[in-house]
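Each chain, written out:
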Amino acid sequence: MPKVFGFNEEELKLLLVAVRQVRRTFAQPRKSDPSLEAYASLYDDLFEKLRDMAGPLPEQVEDVLE
């Protein structure tokens, strides 16, 4: 599926890691600043879409992404 969008497997992994890092950046501030919730939820949705594109992930990768 990633090839349909022009990504190879390595690029998709990099995108997943980058979006995961952004989500972690928002984790604490979104608890204390409700104005960040809408923006942070966009990254949550993007992360889920990228995971769907990636298909089944090896267990060691799945653990790192959670």
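Now for a description of the structure that goes with this document. For every chain, the first residue of the written sequence is number 1, and numbering continues from 1 onward in sequence order. Only residues with pLDDT of at least 70 get local features here, since the model is predicted, and only at 80 or more are side-chain atom pairs given and counted; chain-wide, interface and lining totals rely on the full set of residues. To get the side-chain values, take all heavy atoms of the structure and skip hydrogens and water.

For the rest of this paragraph, the subject is the packing of aromatic side chains. Each Phe, Tyr or Trp ring (for Trp, its six-membered ring) is paired with any other whose centre lies within 6.5 Å, and the angle between the two planes then decides the class: stacked below 30 degrees, edge-to-face above 60, tilted in between. Throughout the structure, instances matching the rule amount to 3 aromatic pairs. Taking 5.6 Å as the distance between ring centres and 75° as the angle between the ring planes, the aromatic pair formed by Tyr39 and Tyr43 counts as edge-to-face. Of this pair, Tyr39 and Tyr43 both sit in helix H3 (residues 37-54), 4 residues apart, roughly one helical turn. Ring-pair connections join several aromatic residues into one group, and the members of that group are Phe26, Tyr39 and Tyr43. Runs of E in the DSSP output that reach at least two residues are strands. Runs of H or I that reach at least four are helices, and both are numbered from the N terminus.

We count a salt bridge whenever a side-chain nitrogen from Lys or Arg sits within 4 Å of a carboxyl oxygen from Asp or Glu. Under the definition given, this model contains 4 salt bridges. A salt bridge links Lys13 to Glu10; the shortest N-O distance between them is 3.4 Å. Remark: Glu10 and Lys13 occur in helix H1 (residues 9-27); sequence separation between them is 3 residues, near one turn of the helix. Salt-bridge contacts for Arg30 lead to Glu37; the nearest nitrogen and oxygen are separated by 2.7 Å. Accessible area is worked out with a 1.4 Å probe on protein chains only. A residue is then buried under 20% of its type maximum, exposed over 50%, and partly exposed in between. For Glu37, a relative accessible area of 35% gives the class partly exposed. Among the ionic contacts, a cluster of salt bridges with common partners joins Arg23, Arg30, Glu37 and Asp44.

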